[in-house]
Amino acid sequence: MKVAEAVGRALHAAGVGQVFGVVGSGNFHLTNAMVAAGSRFVAARHEGGAATMADAYARMSGTVAALSVHQGPGLTNAMTGIAEAAKSRTPLLVLAAEVTEPRSNFYVDQDALARSVGAVSARVTSAEDAVTQALDAVRRAVCERRTVLLNLPLGVQALDVPDDVSTLAVVPPERAPVEPEFTDVEALARVLEKSRRPVFVAGRGARSPGARDALVALAERHGALLATSAVARGLFHGDPWSLDVSGGFASPLAAELIQEADLIVGWGCALNMWTMRHGRLIGPDTTVVQVDDDASALGSHREVHLGVTGDVELTARRALETDDANRQSQQGKQARQGKQSQDAGQGFRTADTGAAIAARVRWRDVPYEDTSTRERIDPRTLSIALDDILPAERVIGVDSGNFMGYPCMYLSVPDENGLCFTQAFQSIGLGLATAIGAALARPDRLPVAALGDGGAMMGAAELDTVRRLGLPMVVVVYNDDAYGAEVHHFGPDGHPLETVEFPPTDIAAVARGYGFEAVTVHTRADIKAVEDWLAGPRSAPLLIDAKVVADRGAWWLEEAFRGH
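As a convention, each chain's residues are numbered from 1 in the sequence order in which they are written. In view of the model being predicted, local features appear only for residues whose pLDDT reaches at least 70, and side-chain atom pairs are presented and counted only at 80 or more, with totals across whole chains, interfaces and linings using the full set of residues. For the side-chain quantities, the full set of heavy atoms in the structure was used; hydrogens and water were omitted.

Student: Mind showing me how you'd approach the environment of valine 288 here?
Tutor: A run of H or I in DSSP counts as a helix once it spans at least four residues, and a run of E counts as a strand once it spans at least two, with each numbered from the N terminus. With respect to the helices, strands and loops of the structure, valine 288 is situated in strand E11 (residues 287-292). For the pair valine 288 and alanine 232, spaced 56 residues apart in the sequence, the C-alpha separation amounts to 19 Å. Residues are treated as being in contact if the distance between any of their heavy atoms lies within 4.5 Å. Apart from the residues lying within four places of it in its own chain, the contact partners of valine 288 are Ile264, Leu271, Ile282, Glu303, Val304, His305 and Leu306.

Student: Please explain the pattern of salt bridges as it appears in this structure.
Tutor: Side-chain pairs of opposite charge can arise where the charged atoms are in close proximity. The salt bridge definition used is simple: a Lys or Arg side-chain nitrogen within 4 Å of an Asp or Glu carboxyl oxygen. On inspection of all chains with the given rule, the structure shows 36 salt bridges. A salt bridge links aspartate 244 to arginine 233; its shortest N-O distance comes to 3.1 Å. Of the two residues, aspartate 244 is situated in strand E9 (residues 242-245) and arginine 233 in the loop between strand E8 (225-228) and E9; the sequence distance between them amounts to 11 residues. Any residue under 20% of the maximum accessible area for its type is buried, any over 50% is exposed, and the rest in between are partly exposed; the area is computed with a 1.4 Å probe on protein chains only. Classification of aspartate 244 by relative accessible area gives buried; the value is 17%. A salt bridge links aspartate 387 to arginine 394, with the nearest nitrogen and oxygen atoms 2.6 Å apart. The same class applies to aspartate 387 as to arginine 394, namely buried. One continuous salt-bridge network, built from bridges that share partners, spans Arg45, Asp464, Arg467 and Arg468.

Student: Explain the environment of aspartate 213 to me, please; I cannot follow it from the model alone.
Tutor: Tracing the backbone shows aspartate 213 in helix H10 (residues 209-222). Given the relative accessible area of 40%, aspartate 213 is considered partly exposed. In the structure, aspartate 213 is positioned 103 residues away from alanine 316 in sequence and 9.4 Å away in space, judged by C-alpha atoms.

Student: How should I be thinking about the pairing of strand E18 (residues 542-547) in this particular structure?
Tutor: In summary, the side chains of a regular strand alternate between the two faces of the sheet. Most of E18 is tucked away: six of the six residues are buried. Here E18 shows two buried faces, one formed by Leu542, Ile544 and Ala546 and the other by Leu543, Asp545 and Lys547. When DSSP finds two or more bridges between two strands, those strands count as paired. Here strand E16 (residues 474-479) runs beside E18; their pairing, made up of six bridges, is parallel. The residue of E18 that forms the bridge with asparagine 479 is lysine 547. The pairing of strand E17 (residues 517-521) with E18 spans five bridges and is parallel. Across the sheet, glutamate 517 pairs through a bridge with leucine 542, a residue of E18.

Student: Just to check I follow, could you spell out the side chain of aspartate 262 for this structure?
Tutor: Looking at where aspartate 262 falls in the secondary structure, it is placed in the loop between helix H11 (252-259) and strand E10 (263-267). Note that His is not counted, nor are the chain ends; the positive residues are Lys and Arg, and the negative ones are Asp and Glu. An unpaired buried charge is present at aspartate 262: no salt bridge exists, and arginine 197, the closest side chain of opposite charge, is 4.5 Å distant. Think of a polar contact as two N or O atoms within 3.5 Å of one another; within protein, one of them needs to be a possible hydrogen donor and the other a possible acceptor, and neighboring residues in sequence only count if both atoms come from side chains. Polar contacts involving the side chain of aspartate 262 include one to the side chain of serine 195, which spans 2.7 Å. Sequence-distant contacts of aspartate 262, defined by excluding residues within four places in its chain, comprise Ser195, Arg196, Arg197, Pro198, Asp285, Thr286 and Thr287.

Student: Is there a simple way to think about the sheet that holds E8 in this case?
Tutor: Where strands meet in a sheet, backbone hydrogen bonds hold them as pairs that are either parallel or antiparallel. Pairing is parallel in the open sheet, where six strands are placed in the order E9-E8-E7-E10-E11-E12. What marks the edges here is a single partner per strand, and that holds for E9 and strand E12 (306-309). Across the sheet, the mean angle separating the axes of adjacent strands is 15° when strand polarity is ignored. In this sheet, E12 lies alongside E11 in parallel orientation, the contact comprising four bridges. If you follow glutamine 290 over to E12, its bridge partner there is glycine 307. Only C-alpha atoms enter the line fits that serve as axes; for helices the fit covers just the stretch in contact. Angles between N-to-C directions range over 0 to 180 degrees. Contacts from H11 reach strand E7 (198-202), E8, E9 and E10 within the one sheet, and its direction differs from that of E9 by about 110°.

This is the structure:
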């Protein structure tokens, strides 16, 4: 058995059941070996799309996925998607063929490429150790939550595995939950007990039903309001004390309430410039606590008063247990202070706050002047109309750009697996591939890709992948015929905009060429065609070429450019 076949079989046996890529000569045998063993392979039209599909699939399925690419240009084509995955700490295995002769046209320093974007580099070096080295790469991806590039030199792939070397795979262990230190939990419990206006902000590290339930219980105990970062949107969907997203996407009411907090606890959340609006959501006297199972993440973006190293669910449950123990030991004292203890538990959860959240926390409930014309529709009006007619059970992939706040905040999601937000690298052009990966991970939901016209044209080749896979996807293009972020950032200062504005493109016609059904939306009445598609067999995917007004930048745009 050749190394390529042995590694392919071992990777499938180790749990790598989904592979994306573009096959060339260097990764042909390895990819086919994985398929023969039982892994599913999805051929993308470009390695950049394949990388993002794999990233999104891993995020939404909770499993490690693989990307298979040719040596040299196959890897370089995929680097933007790999950078996004690495920056997001996505458990992803990149399988790259490799040439080792510098005179080869395909030669690049693949180790250096991986390190430059924050990925881990590994290599298969011999026939005797190939399976062990491949499985170690899987282990690192899973247990360390890293994007791992496994280089597979062509010469080594072609070697015979010795008969006395086992090719049986051992499934790598799952990442073990990190138990918090008792003293840290006690310190957290004391801070919570003193707080009168606490806010919990949950991030990527809290995206699980168990973590959600533990945080909801702890928040109820202390009267805390609940919010998430953008990547964890939907975690507290339906909770009457949820503020939805904290940060640049936050509604005016959400921002106001977070700024009034005397305690902000980030649960598996970096509390970075986006989530905290460069610190402006943190009051001058607010106590900041961060809980993360990676000690190096604590305080990496801003100073915290207390950092707790621990798994989110375990830490929240330990805090509840500590509360119970403290209250039992102080039962007499609490009896004497009965009303005071009740007020402390109420926290932010007053009747007035609850009524305000119910009426005004959603962006769609914030009054606005509809700027639609007979030729172009206001993106808010478009998004609200789509939210009303699309099935509630949906999974949304969003591209980057001026438009992105509208689908992120006006299209509701059922839970933390309803929005796939590949924005750590802020690259446009990833949105369609994101939606494809998310759709394959969640086949029970209607996939929705929300794109700007710039990103849609960048990733248009993957429209073929949507059609070929038979995905009943809705692709919404917020089309302002421009790179809108640059238009609204530089335009007010009088800079020339010819480099970022484009002649009108009939993106609906482009989609029809790929086998889509398509509709062009100028006004609210044009959305009737979308309702008709939803009511029909959905035998072909649908693209909505929405001609949106371009007279203003999105509300969050100024915030975004502060981060450059």
